[in-house]
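# Geometric and topological summary
One letter stands for each residue in the lines below.
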Amino acid sequence: MNLQEQIRRDFPILKTKVYNKPLIYFDNAATTQKPRIVIDTVADCYASKNSNIHRGVHFLSEQLTDKYEESRAIAAKFLNAKATEKIIFTRGTTESANLVAFSFGEAFINKGDEVIVSEMEHHSNMVPWQIMCERKNAKLIKLPITKSGELDMEVFPKLITGKTRILAITHVSNALGTINPIKEIIEIAHSNCVPVFVDGAQAVQHINVDVQDLDADFYAFSGHKIYGPTGIGVLYGKTKYLEKMPPYQGGGEMIKKVSFDKTTFNELPFIFEAGTPNYVGAIGLAEALKYVSNIGIEKIAEIETDLLNYATDKLKDIEDIEIFGNAKHKSSVISFNVKNIHHSDIGTLLDKLGIAVRTGSHCADPVMDYFGISGTVRASLAFYNTKEEIDVFVAGLKRVLGMLR
Ligand code: PMP
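Residues numbered from 1 in each chain as written. Predicted model: local features only at pLDDT ≥ 70, side-chain atom pairs only at ≥ 80, totals over all residues. Heavy atoms only, no water.

## Some thoughts on the nonpolar core
Put simply, the test is: Remark: nonpolar core denotes a set of buried residues (Ala, Val, Leu, Ile, Met, Phe, Trp, Tyr, Cys) joined through side-chain atoms within 4.5 Å. Summary of the burial criterion: residues with accessible area below 20% of their type's maximum are buried, those above 50% are exposed, and those between are partly exposed, where the area comes from a 1.4 Å probe applied to protein chains only. Only DSSP runs of H or I reaching four residues or more are called helices, and only runs of E reaching two or more are called strands; each is numbered from the N terminus. Every residue pair with non-hydrogen atoms within 4.5 Å of one another is taken to be in contact.
Judged by nonpolar contacts, the single largest core of 100 residues is most densely connected at Leu79, Tyr219, Leu315, Phe336 and Phe393. Ranked by residues supplied to this core, first place goes to helix α10 (residues 279–295) with eight residues. Once residues lying within four places of it in the same chain are set aside, the contact partners of Phe336 are Leu315, Ile321, Glu322, Ile323, Phe324, Thr376, Val377, Phe393 and Leu397. One finds Met126, Ala138, Leu268 and Phe272 within the second-largest nonpolar core, a separate group that totals 26 residues.

## Regarding the domain arrangement of the protein
Applied cut-off: Domain delimitation in this document rests on an assignment produced automatically or drawn from a domain database. Two parts placed together each lose some accessible area under a 1.4 Å probe, and the buried area is that loss summed for both.
Domain boundaries in the protein define domain 1 (3–28 + 296–404) and domain 2 (39–294). Placing a centre on the C-alpha atoms of domain 1 and another on those of domain 2 gives a separation of 28 Å. Taken together, the contact pairs 35 residues of domain 1 with 30 residues of domain 2. Taken together, the two surfaces of domain 1 and domain 2 that pack against each other cover about 2700 Å², and 57% of this comes from carbon and sulfur.

## Examining the sheet that holds strand β4 (residues 87–90)
Backbone-to-backbone hydrogen bonds join strands into a sheet, with any given pair of strands oriented parallel or antiparallel. Formally: Strands are treated as partners if at least two bridges between them are detected by DSSP. Note on definitions: angles span 0 to 180 degrees between N-to-C directions of axes, and those axes are lines fitted to C-alpha atoms, for helices only across the stretch in contact.
Spatially, β4-β10-β9-β8-β7-β5-β6 is the arrangement adopted by the seven strands of the open sheet, whose pairing is mixed. Each edge of the open sheet carries a strand with a single partner, namely β4 and β6 (139–143). On average, each strand axis in the sheet is inclined to that of its neighbour by 20°, with strand direction left out of account. Relative to strand β10 (residues 233–237), strand β9 (residues 218–222) runs antiparallel, the two sharing five bridges. Looking at the pairing, Phe221 lines up with Val234 of β10. Helix α4 (residues 93–108) rests against β4, β7 (164–170), β8 (196–199), β9 and β10 of the sheet, and its axis sits at about 155° to β9.

## Considering the sheet that holds strand β13 (residues 321–324)
Strand order across the open sheet formed by four strands is β13-β14-β17-β16, with antiparallel pairing between neighbours. Across the chains shown, the open sheet's two edge strands, defined by having one partner strand only, are β13 and β16 (358–360). For this sheet, the mean inter-axis angle between neighbouring strands, taken without regard to orientation, is 30°. When strand β14 (residues 333–338) meets strand β17 (residues 376–380), the two strands line up antiparallel, connected through four bridges.

## Considerations on the site of the ligand
The condition is simple: Each residue is tested against the molecule or strand, and it is near if at least one of its non-hydrogen atoms lies within 4 Å. Any N or O atom pair separated by 3.5 Å or less is treated as a polar contact, with the protein-specific requirement of one donor-capable and one acceptor-capable atom, and with residues adjacent in sequence counted only for side-chain atom pairs. Surface accessibility in these figures is a Shrake-Rupley result with a 1.4 Å probe; residues are shielded only by whichever protein chains are displayed. Residue classes follow a fixed rule: Ala, Val, Leu, Ile, Met, Phe, Trp, Tyr, Cys and Pro count as nonpolar, while Asp, Glu, Lys and Arg count as charged, and any other residue, Gly among them, counts as polar.
As a structural note, the neighbourhood of the ligand is formed by 13 residues, with Thr94, Asp199, Gln202, Ser222 and Lys225 the closest of them. Taking Asp199, its side chain carries an N or O atom lying 2.5 Å from a nitrogen atom of the ligand. Within the side chain of Ser222, a nitrogen or oxygen atom sits 2.7 Å from an oxygen atom of the ligand. Coverage of the ligand by the protein amounts to 85% of the 390 Å² it exposes when considered alone. Taken together, the residues that form the shell around the ligand break down as one nonpolar, ten polar and two charged.

In structure tokens:
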């Protein structure tokens, strides 16, 4: 059995049929499918290990608490974070961005300060900063993009002023596939004493991320986009910021002692994990991180780049197609439109052929506004996809366009 067959066997859903056609799943930027080991781990937690973690004195609780904390260590290792206290489990990238925007904002942002956010952000890494800026009377500054779907790196340094307090930026664009030069961006920001929050939701599954090498101040990703469960995510933060940030939510393990006069808070990372954490999700995520690490992120990236180039070449031959996002460095996302045809019509008809793509604005309205469009068709590929699936997709697309023209 070759590597591709082995990989596909690990993902049970890939055998599914929709409308009696083999499923071709090209919506991996929205969420990835789960390998058997993740599904089994989650099921086993509920079937034979379940108990609320922390503070339990009984076997099951202690066992699962250890597993939860082991998962934190696995997440730390995955990002090459120095210590587990810097790893906070959240619900996902959206919650991580909201946590930092709120809490960093409370601690460090005042009236008249500035926050830079790029024009290619997912709404989840834009709106939380906008809300915070409104609350604090601060200014949201746009880092613009260019026609190729890349950040305007000439303009970027000129946006930083003495009032800039933080830069919030995506590592990889979900709408365009652009891989941003995040290390260079962080270097420029740091040379101006500006910390950086990196949205890694579309990056960690394609790129080896080393938060120490990047020197990222905050780095967030979602479990479900890296073959793990939904409802779990990771926020890495530097202690020097986290320890100065007030809690985001109250209750549960974030507390040391409560009285009506005063409540004292737990230490990092627990202070940012209010309520019963998604311990089953964290344990499932750790299995997903082990799974991708065993294959190797470089290997995964190699397979996906090959698929991206193959699909892009085939799509380019289609009459009147326009691909949005032509960056030099791209992840395996292809966003496109075909002249005079609505993206959702294409997606709806492709679905009837068993092909799952996403259509619309991909929660990136500013990107769509920049290109003057309402949305695109987005095919996002993962390492379990194949060239044969791309062939079926391209043939299906031609058929659909023939019907719609
Ligand atoms: N940022 C990017 C770049 C994304 O692609 C997404 C998900 N589409 C998010 C943030 C939000 O992730 P989640 O919904 O898992 O919180």
